[in-house]
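The lines below spell out each chain.
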Amino acid sequence: MKLILSAGRVIDPANKVNDILDLLIEDGKIKKVGKGIKDKDAEIIKVNGKIVAPGLIDMHVHLREPGFEYKETIASGVRAAVKGGFTSVACMPNTEPVMDNTAVVELVISKGKKEKLANVFPIASISKGAKGEEISDIGMLIKCGAIALSDDAAPIMNAEIMRRAFEYIKQFDLPIITHCEDKNMTADCVMNESFSSTVLGLRGMASAAESIMVYRNIALADYIGAPVHIAHVSCKESVEIIRWAKKQGIRVTAETAPHYFCLTDAAVKNYDTNTKMNPPLRTAEDVLALKAALKDDTLDCIASDHAPHGRTDKELEFNYAAFGIIGLETMLALTLTELVHKKILTLEKAIEKLSYSPAKILRLNRGTLSLGAAADISVIDTEKEYTIDTGKFESKSKNSPFNGWKVKGEAFMTIIDGNIKMKEGKIL
Amino acid sequence: MQVKRKHLIGLEDTTPEEIETILNTAGSFKSIFNRKIKKVPALRGHTVVNLFFENSTRTRTSFELAAKRLSADVINFSVSTSSVAKGETLIDTARTIESLESDMIVVRHSCSGVPLLLSKTLKSSIINAGDGMHEHPTQGLLDLFTIKEKKHKIKGLKIVMVGDIAHSRVARSNIYGMTKMGAELTLVAPPTLIPKDIEKLGVKVEYDLRKAAKNADVLYMLRIQLERQKRNLFPSIREFSLLYGMDEDKLRLADKDALVMHPGPMNRGVEISSEVADSPQSVINEQVTNGIAVRMAVLYLLSGGETNEIDSFSGQSN
């Protein structure tokens, strides 16, 4: 089967390509990129005016299966992914049971494959039962298909255990993805500590509770010589520590999520539980720092931290509501609207942070349009203007603070291994 | 005089004019207290529900008496956290209550934001009787009423509020109320009990009570939750009392006619000494009495009542 994407703007950050070109796909691989490609056997799809990008990769999602299927399943999660333009997702281990054993890893991989939509890459738990006490069978988990290890389910407070995790995983040269939060400082806290928390009378988390652990984990990774990836960076102080660490040559990478550069904690004003997430929305100053850090590559990539929750988890008192918001179906639009159209990032840079960068961090052989690479491609309409409507989402959950937002830019087509999986909003 | 609002969630969004109207109306109701029959038919046929998710005999009783003196039907509904454990959500509970055809719901909850949430979900008028660390607007209003009654003005008064500002809904409502009415408010507490950026609300922050108390017109002592000590917010009750408790020695630094206030219940010997609590300058018991008049005013005005009609209730009863 052959397919030509004709006359789109091909943007391939890995190969520094940005031009109006044709792209030929054959047998699920990228066969040729160039001007005036002709092949009488190929189906031709005109994508004039659209962007042809490497398939987008969301390296931080929660698919909730097994254990919380009322929030999301792998099936609904990958539908949300391809609808949002994503060809691959990496899912976090806070399932029930926790993804700390090969059985759950295998289940997630096989359920993901069965859907034949987005590629699903499991991230296993660093510690058994996510208890932060004993490290998991890291070698077996990786052999079985886990692509990284994370404490996103529950940050590891004990530095000695974290040190041993970094040290042990060093032999596999895979990153540890850390959720940086000193839990002693954030007990019972539900939002950022700021003027907003003072006015609302809600317990606030100090940004230092994040930055302290960002530094601790970088210090440990540096000491051991292992790579570390900092998940969902939300505050200025964390950015400054990461920037410093990169200058020292420490092997640190980092992500932020769209809500951290689109919203401030002022959005919590009416106790909307869709503004409750962890780390919390921070201040305008933090938003500026994150944008600057995306621009100067202190922050390598953008990930959604897609965290589906049902109505029974969110239609509650703010204190009792679950942390987290969904993001797979809004991330591309928010990145384009808030960063690209507002000239914080070039389109090439934004695409790099949504595809090539996460692929590099996770050592995935994807995120490029190199000849011979898997034909995972996102075709993007950067000019499409519309209003976000969670009612139309593929995700089982609707917990988004962006419902009703006017945005510009959306996924036009999602191609995985050469097969069209989504076109103009329809999943195929 | 009327107020054009359905709910009273906090003093943050009330105007000085609205506060003035409520205080004047409360004054009219208070004059009824001296009569033999302390009841008017202002809310006859109205149903007021006291929906309390948190124990509070004092506030609940005050609202209950206020509603009864207005001839409303009153239902007290206390919800323990056990129904939450059974899977019934806040919204379910509130809808059940509203199905009793309530006109007004007086709500108290340990979580900030609950009255606002209910006001967006239910048809009844919602009156906040204290939500978490957020607001306790009728307490703020009764405090303003008491100050005005004693000092005949609020504007320009030097008010010092002392204690656990960080966790206090009483503090927040009073900050809005007092600053809106033109008082100069200084908050005094150890830095651990001062919430972030509170100065942005137009108040001064001072750590030294002796310094702040000088020439003060009002000394407002907040209740300290003794369990805060376990969270290392202050080292010991003894030290807190020494530095931040109001005693005769510190009281002497204030204006000789300074009022001493406390929202109750007091920890005698901790934030306030018995000598001060029982001194002639203490208006703590008047605050409780005024609470009834202020809550009558709030119930009456939110139901659409007009202040100048109150006199026409004279001598009536049902």
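Residues numbered from 1 in each chain as written. Chains lettered and ligands numbered in written order. Predicted model: local features only at pLDDT ≥ 70, side-chain atom pairs only at ≥ 80, totals over all residues. Heavy atoms only, no water.

1. A few points about helix α10 (residues 284-295) of chain A
Residues and elements named next belong to chain A. Counted at 1.5 Å a residue, the expected span for α10 with its 12 residues is 16 Å, and the 17 Å between its end C-alpha atoms agrees. Every buried residue of α10 is listed here: Asp286, Val287, Ala289, Leu290, Lys291, Ala293 and Leu294. Contacts made by the buried residues of α10 are with α8 (236-247), β14 (252-256), α9 (258-262), β15 (301-302), α12 (331-340) and α13 (347-354). Downstream of α10 by a residue or two, Asp297 has a phi angle that is positive, lying close to 70°. (Helix = DSSP H or I, 4+ residues; strand = E, 2+ residues; numbered from the N terminus. Expected span 1.5 Å × (residues − 1). Buried < 20%, exposed > 50% of the residue type's maximum accessible area, 1.4 Å probe, protein only. Contact = heavy atoms within 4.5 Å.)

2. Digging into the domain arrangement of chain A
Residues and elements named next belong to chain A. Each domain of chain A was delimited in the assignment, giving domain 1 (2-51 + 374-427) and domain 2 (54-361). Inter-centroid distance (C-alpha atoms) of domain 1 to domain 2 is 25 Å. With 40 residues of domain 1 at the interface, the matching set in domain 2 holds 50 residues. Buried area between domain 1 and domain 2, both sides added, is near 3600 Å², and the carbon and sulfur share of it is 65%. Summed over the shared surface of domain 1 and domain 2, the number is one salt bridge. Glu394 is paired through a salt bridge with Arg79; the nearest N and O atoms lie 2.9 Å apart. (Domains from an automatic or database assignment. Buried area = accessible area lost by both parts, 1.4 Å probe. Salt bridge = Lys/Arg side-chain N within 4 Å of Asp/Glu carboxyl O.)

3. Structural notes on the domain arrangement of chain B
Residue and element names in this part refer to chain B. Here chain B is partitioned into domain 1 (16-136 + 288-313) and domain 2 (137-284). A separation of 26 Å is found between the C-alpha centroids of domain 1 and domain 2. Facing 29 residues of domain 1, the contacting portion of domain 2 comprises 27 residues. For domain 1, the biggest contributors to the area lost against domain 2 are Leu23, Met133 and His136; these three give 29% of the whole. Put simply, domain 1 and domain 2 have three salt bridges between them. Across the pair Glu149 and Lys30 runs a salt bridge whose closest N-O atoms are separated by 2.7 Å.

4. So, the packing of aromatic side chains
All chains considered together, the criterion is met by six aromatic pairs over all chains. Relative to A:Trp244, the ring of A:Tyr215 has its centre 6.1 Å away and its plane inclined at 45°; by these criteria the two rings are tilted. Pair noted here: A:Tyr215 is in helix α7 (residues 208-224) and A:Trp244 is in helix α8, with a separation of 29 residues, a long-range link. Take A:Trp244: its relative accessible area is 40%, and that puts it in the partly exposed class. Through a chain of ring-to-ring contacts, the aromatic side chains of B:Phe234, B:Phe240 and B:Tyr244 assemble into a single cluster. (Phe/Tyr/Trp six-rings, centres within 6.5 Å; stacked < 30°, edge-to-face > 60°.)

5. Observations concerning the sheet that holds strand β1 (residues 47-52) of chain B
Residue and element names in this part refer to chain B. The four strands lie next to each other as β2-β1-β3-β4, forming an open sheet whose pairing is parallel. Each edge of the sheet is formed by a strand with only one pairing partner; in this case those strands are β2 (73-78) and β4 (125-131). Neighbour to neighbour, the strand axes of the sheet diverge by 15° on average, direction disregarded. Where strand β3 (residues 104-109) and β4 come together, five bridges link them in parallel fashion. Among the inter-strand pairings, Val107 is bridged to a residue of β4, identified as Asn128. Running over the sheet, helix α12 (residues 284-302) touches β1, β3 and β4 and is turned about 150° from β4. (Pairing = 2+ DSSP bridges. Axes fitted to C-alpha atoms, helices over the stretch in contact; angles between N-to-C directions.)

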